[in-house]
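# Coordinate inspection notes
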Amino acid sequence: GKSGKSGKSGKSGNRSSRIAWERKGGIIDRSIHNMIEGLQQNFIGVHMLLYLNNATFLHAEGDRLAMELRHARASGLSILLVHEARALEGGCEFDRFFHVTPPDLVKGGLYKEIATPLHASLRHLAISLSLIALKLGANLIDLDTPKQPKMTFGCMVQSLA
């Protein structure tokens with residue numbers, strides 16, 4: 001274990017965090033709860049990945065997403081935008097989001113950062129996924145170097161030329 005830095009005082013969490021894990025009278029499997037709780041305590045940087053497709057910001061789910069984004073931005077979370085451009089996967093033109101996103105989010109700079117597009121070409125998709133991993137904190141691994149330092153999260157990128 002860690003040298004007493006966990007900050008736990010013998011409690012299993014506060015009431016509000018336990019309530020958050022309840023679903024219609026049942027409690028989510030404890031091991032999943034513990035895993036997520038551990039991840040939340042150990043992350044240094046925190047990101048929210050916003051997957052943008054032709055269903056984003058529609059209906060009641062869109063209203064909930066907008067509320068989650070407002071909360072995430074107010075909490076200082078980094079928002080990583082991923083734009084689905086593949087038609088068979090629900091892709092659409094990026095311009096659509098300026099019309100369906102709540103105005104306060106657009107004016108507040110939600111789309112200030114450029115979204116990483118997911119294109120149908122396998123080469124483009126591989127690059128996009130690598131860029132997303134790097135933005136989430138991955139380390140670039142040089143495949144030509146035989147010995148790599150140990151890493152907790154790596155991203156392998158090969159030259160496609």
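Keep in mind the model is a prediction, meaning the values are calculated, not measured.

This brings us to the nonpolar core. If you look at the biggest cluster of nonpolar residues, it comprises 16 residues, and the most contacted ones within it are Leu50, Phe57, Leu69, Ile79, Leu81, Leu110 and Tyr111. The set of elements that each furnish at least two residues to this core consists of β3 (47-52), α3 (59-74) and β4 (78-84). Ranked by residue count, the leading element in this core is α3, at 4 residues. Excluding anything up to four places from it in sequence, leucine 81 contacts Leu50, Leu52, Leu110, Tyr111, Glu113, Ala115 and Thr116. With 5 residues, the next largest nonpolar core counts Leu80, Val82, Leu118 and Ile132 among its residues.

Glancing now at the pattern of salt bridges. Side chains bearing opposite charge may pair, as long as their charged atoms lie close to each other. Overall, the coordinates contain 3 salt bridges when judged by the stated rule. For arginine 70, the salt bridge is made with aspartate 104, and the minimal N-O distance between the two is 2.7 Å. Taken together, the residues span a long stretch of sequence, with arginine 70 in helix α3 and aspartate 104 in helix α5 (residues 103-107) at a distance of 34 residues. Judged by relative accessible area, which is 29%, arginine 70 ranks as partly exposed. Taking relative accessible area as the criterion, aspartate 104 reaches 42% and is therefore assigned partly exposed. Of the charged contacts, one joins glutamate 84 and arginine 86 as a salt bridge, the two residues approaching to 2.7 Å between their closest N and O atoms. In this structure, glutamate 84 and arginine 86 share a single accessibility class: buried.

You can see serine 121 is positioned in the loop between β5 (116-118) and α6 (122-135). On the basis of relative accessible area, serine 121 is assigned to the partly exposed category, the value being 30%.

With that settled, consider the side chain of asparagine 53. Within the secondary structure, asparagine 53 sits in the loop between β3 and α3. Owing to a relative accessible area of 14%, asparagine 53 belongs among the buried residues under this scheme. The contacts of asparagine 53, once residues within four sequence positions are left out, are Glu84, Gly90, Cys92, Arg96 and Phe97.

The next point concerns the confidence of the model for the protein chain. Keep in mind that low pLDDT regions are not for reading the predicted coordinates in detail. Of all residues in the protein chain, 60% attain a pLDDT of 70 or more, and the chain-wide mean is 74. Across the protein chain, the secondary-structure element scoring lowest on mean pLDDT is strand β1 (residues 22-23), at 39, and the one scoring highest is α5, at 98. The model gives residues 1-29 a pLDDT under 50, and that stretch makes 15 contacts with residues more than four places away or in other chains. Every residue in residues 150-161 is under pLDDT 50, and counting partners more than four places away or in other chains gives 27 contacts.

Rules used in this analysis
Residues numbered from 1 in each chain as written. Predicted model: local features only at pLDDT ≥ 70, side-chain atom pairs only at ≥ 80, totals over all residues. Heavy atoms only, no water. Core = buried A, V, L, I, M, F, W, Y, C linked by side-chain atoms within 4.5 Å. Buried < 20%, exposed > 50% of the residue type's maximum accessible area, 1.4 Å probe, protein only. Helix = DSSP H or I, 4+ residues; strand = E, 2+ residues; numbered from the N terminus. Contact = heavy atoms within 4.5 Å. Salt bridge = Lys/Arg side-chain N within 4 Å of Asp/Glu carboxyl O. pLDDT = per-residue confidence, 0-100.

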